[in-house]
Amino acid sequence: MRKPFIAANWKMNKTQSDTWEFLSKFIPEVKDRPDVDIAVAPPFTSLPAAAEKLVNTGIILTSQNVFYEEKGAYTGEISPLMLVDIGCKYTIIGHSERRQYFDETDDIVNRKIKASKKAGLGVIVCIGESLDEREAGKTFNVLQRELEKGLDGVTPHDTVIAYEPIWAIGTGKTATPEQAQDAHAYIRGRLRILYGNKADEFCIIYGGSVTPDNVDSLMSCEDVDGALVGGASLKVESFTRIVKFRKGQ
Ligand code: PEP
C-alpha cells in the first residue's frame, strides 16, 4: 500500500520569518496525520529556518530545484549534497515553470534526477501537458516522452511522479477527477512497462489548482496518491485542510 504524499510548493514566496511563523502554526495542526507523508518546499533561503523547525516532526524538508553537479564553478547553483547537508530529503525536479522560464529539457531533468539519487535525495518529478498539447490530443505522447526521457536509468525508490497539467497550474482550472484519473492510470501503465511490478511503488501525485474544495474528490481517484500544492499551500488553514483530505467525499 502506498502512503499518501502531500507536498507544498511555496515557489518564490516566504522569507525565513514567514516560514517560521507558518510552520509554528502548521506543525501542531497536522500532528494527528501520521498516515500521510507531508512535504514542504520553501525557497532555498528559507530552508535553514524550515530545517530547524521540522526536526523530529516527520515532515519532509524539500527543495524546489537542484543542480546536477556535486560542486565546482557553477555560480548561483545548489548541489544535491548541499541540500542533503541542510536536511532536505526530497527535491522537486522539472516543474513546468522551470521547463518554461529556465529552458529545462528532459535531458537536464534526467541529469538532475540521477545526481539527486546519487546523493541520497528523493525526487518529485513533474510532468504534464500544455493546453495546446491537450487540445491536439497529445497528452499521453507528452507524458510518455517526459517519463521515458526523464526516468532513463533511474531507480524507483524515493521517486514521486507529479502529474501537473500546465493549464491547471496557478490558473484555478483544476483537472476533473476523471481527467486526473485517466492521466494517472496512463502514467502507472507506462511505469509498469518501464519497471514491471515495481511500478506499484511509485506515488503518483496530482498538481494544478488543488484547494480544500477539490482535494477530497481528487484523492478519491484510484490512482491519485497525493497532491503537489502551490497557491493553496501558502495559508496554514487551507494547506491543513488539504493534508486532512477525506476520501470518498
Ligand atoms: C505547483 O506549483 O506545482 C502548483 C500545482 O501550483 P498551484 O497549486 O498554485 O496550481
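Residues numbered from 1 in each chain as written. Predicted model: local features only at pLDDT ≥ 70, side-chain atom pairs only at ≥ 80, totals over all residues. Heavy atoms only, no water.

## Focus: the environment of Leu-234
Next up, step 1: Within the secondary structure layout, Leu-234 lies in the loop between β8 (226–229) and α10 (236–243).
Next up, step 2: Leu-234 gets classed as partly exposed once you look at its relative accessible area, which sits at 26%.
Next up, step 3: Each C-alpha atom of the pair Leu-234 and Thr-19 lies 9.7 Å from the other, and the pair is 215 residues apart in sequence.
Next up, step 4: Filtering out sequence-adjacent residues up to four positions away, Leu-234 remains in contact with Trp-10, Asn-13, Lys-14 and Phe-22. (Helix = DSSP H or I, 4+ residues; strand = E, 2+ residues; numbered from the N terminus. Buried < 20%, exposed > 50% of the residue type's maximum accessible area, 1.4 Å probe, protein only. Contact = heavy atoms within 4.5 Å.)

## Quick look at the site of the ligand
Next up, step 1: The immediate surroundings of the ligand are formed by 14 residues, with Lys-11, Glu-164, Gly-170, Ser-209 and Gly-230 found nearest.
Next up, step 2: Gly-230 is positioned such that a nitrogen or oxygen atom in its backbone is 2.8 Å from an oxygen atom of the ligand.
Next up, step 3: When isolated, the ligand has an accessible area of 290 Å², and the protein chains bury 96% of it.
Next up, step 4: Its residues placed into classes, the shell around the ligand shows 4 nonpolar, 8 polar and 2 charged. (Near = heavy atom within 4 Å. Polar contact = N/O pair within 3.5 Å; in protein donor to acceptor, adjacent residues only side chain to side chain. Areas by Shrake-Rupley, 256 points an atom, 1.4 Å probe, with all protein chains shown as cover. Nonpolar A, V, L, I, M, F, W, Y, C, P; charged D, E, K, R; others polar.)

## Some thoughts on the pattern of salt bridges
Next up, step 1: Applying the stated rule across the entire model yields 20 salt bridges.
Next up, step 2: Residues Arg-33 and Asp-35 are paired through a salt bridge, measuring 2.8 Å at the closest nitrogen-oxygen approach.
Next up, step 3: Note that Asp-200 and Arg-192 form a salt bridge whose closest N and O atoms lie 2.5 Å from each other.
Next up, step 4: Overall, Asp-200 belongs to the partly exposed group, its relative accessible area being 36%.
Next up, step 5: Residue classification places Arg-192 among the partly exposed positions, given a relative accessible area of 40%.
Next up, step 6: Via salt bridges that share partners, Arg-2, Arg-188, Asp-223 and Asp-225 belong to a single interconnected network. (Salt bridge = Lys/Arg side-chain N within 4 Å of Asp/Glu carboxyl O.)

The quantities given are spatial measurements derived from coordinates; they are silent on function.
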